[in-house]
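Analysis of the macromolecular model
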Amino acid sequence: MWVLVSQGGWRADVEAKSAHRLAVLEKELLQDHLALRRDEARRAKASEDQLRWRLRVLEAELQEARSEGKAVYAEMSRQCQVLRKEMETRSRPLEEEVRGLREQLETCQREAEAAREGAEQALRERDQTLAQLRAHVADMEAKYEEILHGSLDQLLAKLRAVKPQWDGAVLRLHTKYKERLRQFGLNPLDL
């Protein structure tokens, strides 16, 4: 059943519906904005996780390089000891062979030194890479936190700005329907 309402009541109803629709649209916009920010935060977190994974891979590679370096150095040391024992067991007529073996020993030592220096260089490069990755992870964490705080602050500010309008619209609707109940002879407090 349709009730004829004065032109002023019709406008108030249209204004209330418009205000409500505007509030709903603003709420949806804020929700979409928050969803975008959450998506950005998820991507930043995924990037951080990928960097952490890469850091673990580099650490594993470094550990493997260290193990290989130690094994090479141990093998070189073993070979040197073998050569020394062989020299001790040979006699003077084999001095030429001993000289050759000494040269081999020096070569082995140079190679061991070069291998050690290479391992140290690899360690230095790994430490530098780790420091850079840690700095990058810390920077990403700070940006992630800044984005999250900024989004939440904007959302709270918009909600605070819209709340008085919502409260006013609710009060107007409440008063309007209370008056209509009275027009029909009903007491709103009895309902």
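Residues numbered from 1 in each chain as written. Predicted model: local features only at pLDDT ≥ 70, side-chain atom pairs only at ≥ 80, totals over all residues. Heavy atoms only, no water.

Turning our eyes to something else, we now look at the overall build of the chain. In terms of helices and strands, the chain carries two helices and zero strands. Summarising its shape, the C-alpha atoms of the chain cover approximately 135 × 25 × 25 Å along the three principal directions. Every one of the 191 residues in the chain was classed for burial, and the buried ones make up 17%. Within the chain, contacts between residues at least 6 apart in sequence are counted, and of these 77% link residues at least 24 apart. Surface summary for the chain: the accessible area is close to 15200 Å², and the carbon and sulfur share equals 56%. With 35 positive and 35 negative side-chain charges, the chain shows a spacing of 9 Å between the two charge centroids. (Helix = DSSP H or I, 4+ residues; strand = E, 2+ residues; numbered from the N terminus. Buried < 20%, exposed > 50% of the residue type's maximum accessible area, 1.4 Å probe, protein only. Contact = heavy atoms within 4.5 Å. Areas by Shrake-Rupley, 256 points an atom, 1.4 Å probe, with all protein chains shown as cover. Lys, Arg positive; Asp, Glu negative; His and termini not counted. Charge placed at Lys NZ, Arg CZ, Asp CG, Glu CD.)

The subject of this paragraph is the pattern of salt bridges. Tallying each qualifying case throughout the model produces 16 salt bridges. When the shortest N-O distance is used, the salt bridge between K17 and D13 registers 3.6 Å. Of this pair, K17 and D13 both sit in helix α1 (residues 7–89), four residues apart, roughly one helical turn. K17 sits in the exposed class, given a relative accessible area of 54%. Among the ionic contacts, a cluster of salt bridges with common partners joins D13, K17 and K176. (Salt bridge = Lys/Arg side-chain N within 4 Å of Asp/Glu carboxyl O.)

Before going further, it helps to spend a moment on the confidence of the model for the chain. In the predicted model, the chain carries a mean pLDDT of 84, and 92% of its residues have values of at least 70. Of the regions scoring below 50 in pLDDT, residues 1–5 engages in three contacts with residues more than four places distant in sequence or in other chains. (pLDDT = per-residue confidence, 0-100.)

Let us now look at a nonpolar patch on the surface. Nonpolar side chains collect at one region of the surface, where Y144, L148 and L152 lie side by side and expose about 230 Å² of accessible area between them. Relative to the helices and strands, Y144 resides in helix α2 (residues 95–183). (Patch = residues over 30% accessible without salt bridge, like charges linked within 9 Å, V, L, I, M, F, W, Y side chains within 5 Å.)

Right, let's get into empty space enclosed by the protein. Taken as a whole and judged by the stated rule, the model has one cavity of 30 Å³ or more. The calculated volume of the largest cavity comes to roughly 30 Å³. Among the elements of the structure, α1 and α2 are those that each provide at least two residues to the lining of the largest cavity. Of the residues that constitute the lining of the largest cavity, the class distribution is five nonpolar, no polar and one charged. (1 Å grid on protein atoms, 1.4 Å probe; cavity = no way out; pocket = protein on both sides within 12 Å on 5 of 7 lines; lining within 4 Å. Points joined across faces, edges and corners; volume = space filled by probe spheres on them. Nonpolar A, V, L, I, M, F, W, Y, C, P; charged D, E, K, R; others polar.)

Counting eight residues, the largest nonpolar core is built from A44, L51, L55, L58, L130, L133, V137 and M140. Beyond its immediate chain neighbours, meaning those up to four positions away, L58 contacts T129 and L133. (Core = buried A, V, L, I, M, F, W, Y, C linked by side-chain atoms within 4.5 Å.)

Our focus in this paragraph is the environment of K70. Relative to the assigned elements, K70 resides in helix α1. K70 gets classed as exposed once you look at its relative accessible area, which sits at 61%. Counting along the chain gives 49 residues from K70 to A119, while the straight-line C-alpha distance between them is 9.1 Å.

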